[in-house]
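The primary structure of each chain is shown beneath.
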Amino acid sequence: MKRTLIIFGVILSLTFNISATTWFPAQHKCPVCKKKNIYQEIGSYGSYIYSWPSKYQYIYWPLTDLPSVYSCINCHFSSYLWDFDNIPKNKIDTLKKFLTQTKLDKKYKDYLDIPMTRRLEIAESVYKILGRDTQFWCEFYRVIGYHYDQVKDSIKAKEARLKAIDLARFILLDSMYIGQEKENLYIIAAMNNFTGHKDSALIYLDKASSLTYSNLKWEKKDVDNHDEYLTDLIKQYKEFISKKDEE
Ligand SMILES: [Zn+2]
């Protein structure tokens, strides 16, 4: 799903020769309470999103952008935009039960006015009910860390990033993710850097740079491109940390 969106976005941006991301409004129905409301859908973007600074936290637009987490203004069901219309029917009752205990500080008309961190907190519980793999959770906590940082809540940002480190370590030990060590060491380095441990970050970057990425589920061309991207990213990260040292 994500991959299709990315390819589609690249084509769009080439067609219109733009270098910005855009959203457009569209109606969606809440999978839990059926309330219809206006949400923002992805318009256009390009591969330039992979060079934006959030790469140093290994997360990318649209996850860095406020419209990307949908939230029902009626029952508060919240999820990433690409999951909103695809909730399994057999989870609805459990979700309903959970959402009756979910309160917001006031009534909202537009989901974008609900603080992003609040939407993510609800989505965290939603995804615990839906069930997701370790890689999902590792990214999810990097995303939460990013958005807490945006609202200057450094304690919660740190808490989320430490969770992301634990999960990335867990992935390193999991045979399901064999070959992806380069990526996970990069994530551990990134989260160390963003929790005030840049010396550890540099050690993990060194470890990562000696490896080659592999993934049996991907085509060779995609694996090679990703390995090249990671190699370049590791190099940039080392410069990014030493530049900050000079400041
Ligand atoms: Zn709802």
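Residues numbered from 1 in each chain as written. Predicted model: local features only at pLDDT ≥ 70, side-chain atom pairs only at ≥ 80, totals over all residues.

Asks: Got a minute to help me understand the packing of helix α3 (residues 116-130) against helix α4 (residues 134-150) in this structure?
Replies: One way to put it is that α3 packs onto α4 with a least axis distance of 9 Å and a crossing angle of 160°. If you check the angle between α3 and α4, you find them roughly antiparallel. Of the two elements, α3 crosses α4, and the hand of that crossing is left-handed. Residues M116, T117, L120 and Y127 of α3 pack against F140, V143, I144, H147 and Y148 of α4. Residue composition of the contact of α3 with α4, grouped by class: seven nonpolar, two polar and no charged. (Axes fitted to C-alpha atoms, helices over the stretch in contact; angles between N-to-C directions. Helix = DSSP H or I, 4+ residues; strand = E, 2+ residues; numbered from the N terminus. Parallel < 35°, antiparallel > 145°, perpendicular 65-115°, else oblique. Left-handed = near helix turned anticlockwise from the far one by under 90°. Contact = placed C-beta atoms within 7 Å. Nonpolar A, V, L, I, M, F, W, Y, C, P; charged D, E, K, R; others polar.)

Asks: In this structure, what is going on with the nonpolar core? I would like to understand it.
Replies: Looking at soluble globular proteins, one finds that nonpolar side chains tend to be buried together. Grouped together as the largest cluster of nonpolar side chains are 50 residues, with contacts concentrated most on A164, A168, Y186, I187, I188 and A189. In contact with Y186, other than residues within four places in its own chain, are Y58, A208, L230, L233 and I234. (Core = buried A, V, L, I, M, F, W, Y, C linked by C-beta atoms within 7 Å. Buried ≥ 20, exposed ≤ 12 C-beta atoms within 10 Å, placed from the backbone.)

Asks: Would you mind showing me how to read the environment of R161 here?
Replies: Along the chain, R161 falls in helix α5 (residues 154-173). Classification of R161 as buried rests on a count of 25 C-beta atoms within 10 Å. The residues touching R161, leaving out its near neighbours within four places in the chain, are Y141, R142, G145, M191, F194 and T195.

Asks: Please clarify how the confidence of the model for the protein chain should be interpreted in this entry.
Replies: Atomic detail in the predicted coordinates should be set aside for any region of low pLDDT. Model confidence for the protein chain is summarised by a mean pLDDT of 93, while 92% of its residues fall at 70 or above. The low-confidence segment residues 1-5 (pLDDT under 50) makes three contacts with residues lying over four places distant or belonging to another chain. Here residues 7-17 is modelled with pLDDT under 50, and outside its nearest four sequence neighbours on either side it reaches 12 contacts, counting other chains as well. (pLDDT = per-residue confidence, 0-100.)

Asks: Would you explain α4 in this entry?
Replies: Residue pairs three or four apart in sequence face the same way in an α-helix, which turns once every 3.6 residues. Here α4 is 17 residues long and its end C-alpha atoms lie 25 Å apart, about the 24 Å a rise of 1.5 Å per residue gives. Three or more residues of α4 are buried, namely C138, F140, Y141, R142, V143, I144, G145, Y146, H147 and Y148. Looking at the buried residues of α4, the elements they touch are α3, α5 and α6 (181-193). Of the residues flanking the end of α4, it is K152, one or two places downstream, whose phi is positive at about 60°. (Expected span 1.5 Å × (residues − 1).)

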